[in-house]
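Listed here are the chains, written in short residue letters.
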Amino acid sequence: MFTATRQPHLLSPLTSEDLGQLQVQLPALNIFSFRGPGQSGGVASSLAPLTRQLGTKVQWIALSGVPNLADKPIAGFSFYKPEVAEDMVTRYGQAVHNYLWPLFHGMEDKIAYDAEEWKNFRQLSLMLANQSQRIAMRSFPTLVWLHDFEMALLAPMLAMDAGVILAHFWHVPWPAPELMKRTPAGVEITEALLSNRLLGFHTDEYARNFLLTVKELVPTAKVDMNNLTVRYAGRTTTVVAMPLGLDYPYWQRLARASKLQAEALQVTHRLAHQIILGVDRIDYTKGLLEKLNGVEQFLAENPDYHRRCHY
């Protein structure tokens, strides 16, 4: 945003005096998430050089995982933990784990919707939005990044503030519209996300599922499947696919650099020539049992591959 003590005429070329009087002020960024970056501050540390280069500020509001910056400050970052009762946060987490997590992973048999838990989820979302107003942003407009599905209801609660530009990155899948149509809070969640100017998903499939859900659940919305936009309640939401992945060249370089050590480990520990390594979070949506069953079935059907690899 540009502010100036004297506004030059729009059709006149800017003079050196005009340029000297113009002052660039980049918008501040508010991040809302269920969990902060923790004590390691990985995301914040990665973004710190960018905030320093741009001269902007980031204020991160999270219900847990807020780092202590007294000993190790991160340039340009401030962290806030809302003043809410811990039992409310616990009940908020119950709605997240019992209802939202299986819902968005398409596991209908594991969905446990509880009206009281959802009421608490809505109430704490409102408290989170209200507390954000106490943070002095010192910028206009203010960019807001809502991080992941736990912030599902926050956008319309923040959209009422003047000068707020909302974006939401959805870190989990978005299921088929038929499932969202059957679930009690499907309409509420879908409408809430349409308060964002930008809505990001991991894949084209999830983005398309969301747009089809809007067509099914919000009949007054105008969905453009070609341009991936939704026009609703006077706002336009742009839906994008933002795939996340590994820094493949980095891991290639690392593998080449450690090739000799890896070969020495194979000899020392009498390992097979091929090693299959899986690194997973212990969660039923990660398909751990399915992976193990798949390896077992493969070895049962292909005895020639016995003793050829370590898993």
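To start, this report covers the structure provided alongside it. (Residues numbered from 1 in each chain as written. Predicted model: local features only at pLDDT ≥ 70, side-chain atom pairs only at ≥ 80, totals over all residues. Heavy atoms only, no water.)

## Things to note about the pattern of salt bridges
Then, in step 1: Following the criterion strictly, the structure yields 8 salt bridges and no others.
Then, in step 2: As a salt-bridge pair, R35 and E150 come within 3.3 Å of each other at their nearest N and O atoms. Of this pair, R35 sits in strand β3 (residues 28–35) while E150 is found in the loop between β6 (142–147) and α5 (154–158), placing the two residues 115 residues apart along the sequence.
Then, in step 3: The salt bridge involving E108 is made with R182; its shortest N-O contact spans 2.9 Å. Residue E108 is located in the loop between α3 (86–104) and α4 (115–132), and its partner R182 is located in helix α6 (residues 177–182); the two are separated by 74 residues in the primary sequence.
Then, in step 4: When its relative accessible area of 54% is taken as the criterion, R182 is described as exposed. (Salt bridge = Lys/Arg side-chain N within 4 Å of Asp/Glu carboxyl O. Helix = DSSP H or I, 4+ residues; strand = E, 2+ residues; numbered from the N terminus. Buried < 20%, exposed > 50% of the residue type's maximum accessible area, 1.4 Å probe, protein only.)

## Considering the sheet that holds strand β8 (residues 198–201)
Where strands meet in a sheet, backbone hydrogen bonds hold them as pairs that are either parallel or antiparallel.
Then, in step 1: Pairing within the open sheet is mixed, and its 9 strands lie in the order β5-β4-β3-β6-β7-β8-β11-β10-β9. Both edges of this open sheet fall to β5 (77–80) and β9 (222–224), since each of them pairs with a single strand only. The mean inter-strand angle of the sheet, taken between neighbouring strand axes irrespective of direction, is 20 degrees.
Then, in step 2: In this structure, β9 lies alongside strand β10 (residues 229–232), joined through 3 bridges in antiparallel fashion. Its bridge partner being in β10, D224 is matched across the sheet by T229. (Pairing = 2+ DSSP bridges. Axes fitted to C-alpha atoms, helices over the stretch in contact; angles between N-to-C directions.)

## Quick notes on the packing of aromatic side chains
Then, in step 1: Tallying each qualifying case throughout the model produces 16 aromatic pairs.
Then, in step 2: Aromatic pair Y99 and W118: ring centres 5.5 Å apart, planes at 80 degrees, arrangement edge-to-face. Of this pair, Y99 sits in helix α3 while W118 sits in helix α4, and the two are 19 residues apart along the sequence. The burial state of Y99 is the same as that of W118; both residues are buried.
Then, in step 3: Over the face of the ring belonging to Y284 we find K110, whose NZ or CZ atom lies 5.0 Å from the ring centre.
Then, in step 4: One residue, R308, lies across the ring of Y305, its end atom 4.3 Å from the ring centre. (Phe/Tyr/Trp six-rings, centres within 6.5 Å; stacked < 30°, edge-to-face > 60°. Lys NZ or Arg CZ within 6 Å of the ring centre and 35° of its normal.)

## Let's talk about the layout of surface pockets
Then, in step 1: In this structure, the largest pocket encloses a volume near 650 Å³.
Then, in step 2: Lining the largest pocket are 26 residues, with H147, D148, E150, H171 and R281 sitting closest to its centre.
Then, in step 3: Mapped onto the lining of the largest pocket, the elements with two or more residues apiece are β3, α3 and β6.
Then, in step 4: A per-element tally of the lining of the largest pocket places β3 first, with 4 residues.
Then, in step 5: The residue makeup of the lining of the largest pocket, split by class, is 12 nonpolar, 8 polar and 6 charged. (1 Å grid on protein atoms, 1.4 Å probe; cavity = no way out; pocket = protein on both sides within 12 Å on 5 of 7 lines; lining within 4 Å. Points joined across faces, edges and corners; volume = space filled by probe spheres on them. Nonpolar A, V, L, I, M, F, W, Y, C, P; charged D, E, K, R; others polar.)

## Details of the nonpolar core
Then, in step 1: Counting 54 residues, the largest nonpolar core has F104, W170, W174 and I189 as the members making the most contacts within it.
Then, in step 2: Per element, the largest residue contribution to this core is 10 residues, and it comes from α3.
Then, in step 3: The residues touching W170, leaving out its near neighbours within four places in the chain, are F104, D148, F149, A152, I189, L193, G200, F201 and H202.
Then, in step 4: Counting 9 residues, the second largest nonpolar core, distinct from the first, contains A44, W60, F77 and F79. (Core = buried A, V, L, I, M, F, W, Y, C linked by side-chain atoms within 4.5 Å. Contact = heavy atoms within 4.5 Å.)

## Digging into the side chain of Q59
Then, in step 1: With respect to the helices, strands and loops of the structure, Q59 is situated in strand β4 (residues 58–64).
Then, in step 2: On the basis of relative accessible area, Q59 is assigned to the buried category, the value being 9%.
Then, in step 3: Polar contacts involving the side chain of Q59 include one to the side chain of Y80, which spans 3.2 Å. (Polar contact = N/O pair within 3.5 Å; in protein donor to acceptor, adjacent residues only side chain to side chain.)

## Re a nonpolar patch on the surface
Then, in step 1: Side chains of L265, L271, I275, L277 and V279 sit close together on the surface and give an oily, nonpolar patch of about 530 Å² of accessible area.
Then, in step 2: For L265, the location among the structural elements is in helix α10 (residues 259–268). (Patch = residues over 30% accessible without salt bridge, like charges linked within 9 Å, V, L, I, M, F, W, Y side chains within 5 Å. Areas by Shrake-Rupley, 256 points an atom, 1.4 Å probe, with all protein chains shown as cover.)

## Looking at the pairing of strand β7 (residues 164–169)
Then, in step 1: With 6 bridges connecting them, β6 and β7 associate as parallel partners. The residue bridging L143 from the neighbouring strand is I165, located in β7.

## Notes on the side chain of N209
Then, in step 1: Turning to its location among the elements, N209 is positioned in helix α8 (residues 204–217).
Then, in step 2: Judged by relative accessible area, which is 13%, N209 ranks as buried.
Then, in step 3: Look past the residues within four positions of N209 in its chain and what remains in contact with it is W174, P175, A176 and P177.

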